Amino acid sequence: MISATELKDELVRRRLMQSSDDVPAGTHDRPWFISIVLGASGWLAGVFVLIFVALLFKPDSTGAITLAGLVLLAAAFGLYAVDRDSQFFDQFALALSIAGQFALVWAAYDATHSEAATAALTCALQILLLLVMPNFFARMLAAFFACCAWALAIRFGWWGSSSYSATEQALGPALIGWFVVWLPIIGIVHALINNESGWMRGAAQRLARAALIGLLVSLSLATWISEPLGSLTFWEDQHRTNWMALWPLLGAIGALLAVVYAFRLRSRALIGIASIGALLHVGQFYYLLGLSLLIKSCIMLGVGVLALLAATWLQRHESQQRAAT
């Protein structure tokens, strides 16, 4: 007869449950939806902290704004490092971190006056925060916002900040831009999933787990950011075929890939987020495509059949994995 400890170790080895070391501090008894609400409150508090700092100190130069941002980030890092199990200090640190990031983004734009350069510097900042922040939720947000900033940097760098119309001339370059943004992210997610058993046993598991969740959320929702600005006004032109209908399809494919990867992680929360992202893209595709209601309904029916086939395949794959173990 084996002991409870030996049983737990064997389940952890087979990746059927998480070890206590894999669960971030302060989140053992916190449901995921509570974390989302706390994160939203931290964002709102961060905006008010930045407004308070701006009104109190009145920074009037790029250097002063940068100094304020660095001080706020340093204070957030200190609070995270000192007490990682207190929800109050976690949210206070998150508010300071968000305020510091906004301040540095403000300073970057004030120094460069370029949307593309600001987005690129923001991406570099988020990658740095992903590496150094001692809090799991802060690292996860950093991974998500790094993807958002990366998408904006490519889009603004390629076409500028102005919108462009859905013409055949813009179709090819814009499609290339979409793949330039999201194929590297898909490749990183795929590599992390396939090598999970390796990094879960090492010191990199805390960093890799947070990065993986942030990347999956961005693949589910942040694909909207990489779309041409003209495709977001899909309600203005519904009477002719619009080439921008390709972007929601690409976004839906990305979100469905996130569903598959979340299924492999056995994360119901991530599956739900990715499914919502896919449904939003399918809804946008429905309004962008200038076809008759009958043809649109047939397309929706086909998409539903494909989704059912994918769900059946995933169930069989899971059954085979359980039988093998």
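Caption draft 1: Fine view of the environment of Ala116. Assignment of secondary structure puts Ala116 in helix H5 (residues 115-132). On the basis of relative accessible area, Ala116 is assigned to the buried category, the value being 19%. A C-alpha to C-alpha distance of 4.7 Å links Ala116 and Ala153, two positions 37 residues apart in sequence. Residues contacting Ala116, with those up to four places away along its chain left out, are Ala153, Phe156 and Gly157.

Caption draft 2: The side chain of Thr118, seen in detail. Examined against the element boundaries, Thr118 turns out to sit in helix H5. Within the structure, the side chain of Thr118 is placed 2.7 Å from the backbone oxygen of Ser114, a separation counted as a polar contact. Residue contacts for Thr118: discarding those within four places in its chain leaves Val105, Ala108, Tyr109 and Thr112.

Caption draft 3: Layout of the nonpolar core. Core analysis: the largest hydrophobic core is formed by 60 residues, its most contacted members being Val49, Trp182, Val189, Leu212, Leu216 and Leu270. No other element matches helix H6 (residues 136-159), which puts twelve residues into this core. Residues within four places of Leu212 in sequence aside, it is in contact with Val189, Leu192, Ile193, Trp199 and Leu265.

Caption draft 4: Main features of a nonpolar patch on the surface. Residues Leu44, Val47, Phe48, Ile51 and Leu55 make up a contiguous nonpolar surface patch of about 480 Å² in total accessible area. If you trace the backbone, Leu55 turns up in helix H2 (residues 32-57).

Caption draft 5: Fine view of the packing of aromatic side chains. Under the definition given, this model contains three aromatic pairs. Summarising the aromatic geometry, the rings of Trp178 and Phe179 are spaced 5.5 Å apart at their centres and angled 80 degrees between planes, so their arrangement reads as edge-to-face. Since its relative accessible area comes to 4%, Trp178 is described here as buried. By relative accessible area, which is 35% here, Phe179 ends up partly exposed. Geometrically, the ring pair formed by Trp178 and Trp182 is tilted, given 6.5 Å between the ring centres and 45 degrees between the ring planes. On the criterion of helical spacing, the pair formed by Trp178 and Trp182 is a turn pair, its members being four residues apart in helix H7 (residues 168-194). Through a chain of ring-to-ring contacts, the aromatic side chains of Trp178, Phe179 and Trp182 assemble into a single cluster.

Caption draft 6: A look at the state of the cysteines. In this structure the tally under the stated criterion is zero disulfides. Lacking any disulfide linkage, Cys147 is separated from the closest cysteine sulfur, that of Cys148, by 6.9 Å.

Caption draft 7: Examining helix H3 (residues 62-82) more closely. Taking 1.5 Å of rise per residue, 21 residues should cover 30 Å, and H3 covers 30 Å from first to last C-alpha, within 8% of that figure. Those residues of H3 lying buried are Ile65, Ala68, Gly69, Leu72, Leu73, Ala76, Leu79 and Tyr80. Projected down its long axis, H3 carries its buried residues within an arc of 125 degrees, all on one side. Within H3, the exposed residues directed more than 90 degrees away from the buried face are Leu67 and Val82.

Caption draft 8: Focus on the packing of H5 against H6. Direction vectors running N to C along H5 and H6 enclose 160 degrees, while the axes themselves pass 8 Å from each other. As the angle between them shows, H5 and H6 are arranged roughly antiparallel. In the packing of H5 onto H6, the handedness of the crossing is left-handed. Contacts between H5 and H6 involve Glu115, Ala116, Ala119, Ala120, Thr122, Cys123, Gln126, Ile127, Leu129 and Leu130 on the former and, on the latter, Arg139, Leu141, Ala142, Ala143, Phe145, Ala146, Ala149, Trp150, Leu152, Ala153, Phe156 and Gly157. Residue classes in the contact of H5 with H6 are distributed as 17 nonpolar, three polar and two charged.

Caption draft 9: Main features of the confidence of the model for the chain. Looking at the chain as a whole, its pLDDT mean stands at 77, while 73% of the residues score no less than 70. Confidence, read as mean pLDDT per element, is least for helix H1 (residues 4-13) in the chain (65) and greatest for H5 (93). Segment residues 20-28 is flagged for pLDDT under 50; beyond a separation of four residues in sequence, or across chains, it makes 15 contacts in the model. Across residues 164-169, where pLDDT falls below 50, the model places 13 contacts with residues more than four positions away in sequence or in other chains.

Definitions and cut-offs
- Residues numbered from 1 in each chain as written.
- Predicted model: local features only at pLDDT ≥ 70, side-chain atom pairs only at ≥ 80, totals over all residues.
- Heavy atoms only, no water.
- Helix = DSSP H or I, 4+ residues; strand = E, 2+ residues; numbered from the N terminus.
- Buried < 20%, exposed > 50% of the residue type's maximum accessible area, 1.4 Å probe, protein only.
- Contact = heavy atoms within 4.5 Å.
- Polar contact = N/O pair within 3.5 Å; in protein donor to acceptor, adjacent residues only side chain to side chain.
- Core = buried A, V, L, I, M, F, W, Y, C linked by side-chain atoms within 4.5 Å.
- Patch = residues over 30% accessible without salt bridge, like charges linked within 9 Å, V, L, I, M, F, W, Y side chains within 5 Å.
- Areas by Shrake-Rupley, 256 points an atom, 1.4 Å probe, with all protein chains shown as cover.
- Salt bridge = Lys/Arg side-chain N within 4 Å of Asp/Glu carboxyl O.
- Phe/Tyr/Trp six-rings, centres within 6.5 Å; stacked < 30°, edge-to-face > 60°.
- Disulfide = S-S within 2.5 Å.
- Expected span 1.5 Å × (residues − 1).
- Arc of directions from axis to C-beta.
- Axes fitted to C-alpha atoms, helices over the stretch in contact; angles between N-to-C directions.
- Parallel < 35°, antiparallel > 145°, perpendicular 65-115°, else oblique.
- Left-handed = near helix turned anticlockwise from the far one by under 90°.
- Nonpolar A, V, L, I, M, F, W, Y, C, P; charged D, E, K, R; others polar.
- pLDDT = per-residue confidence, 0-100.

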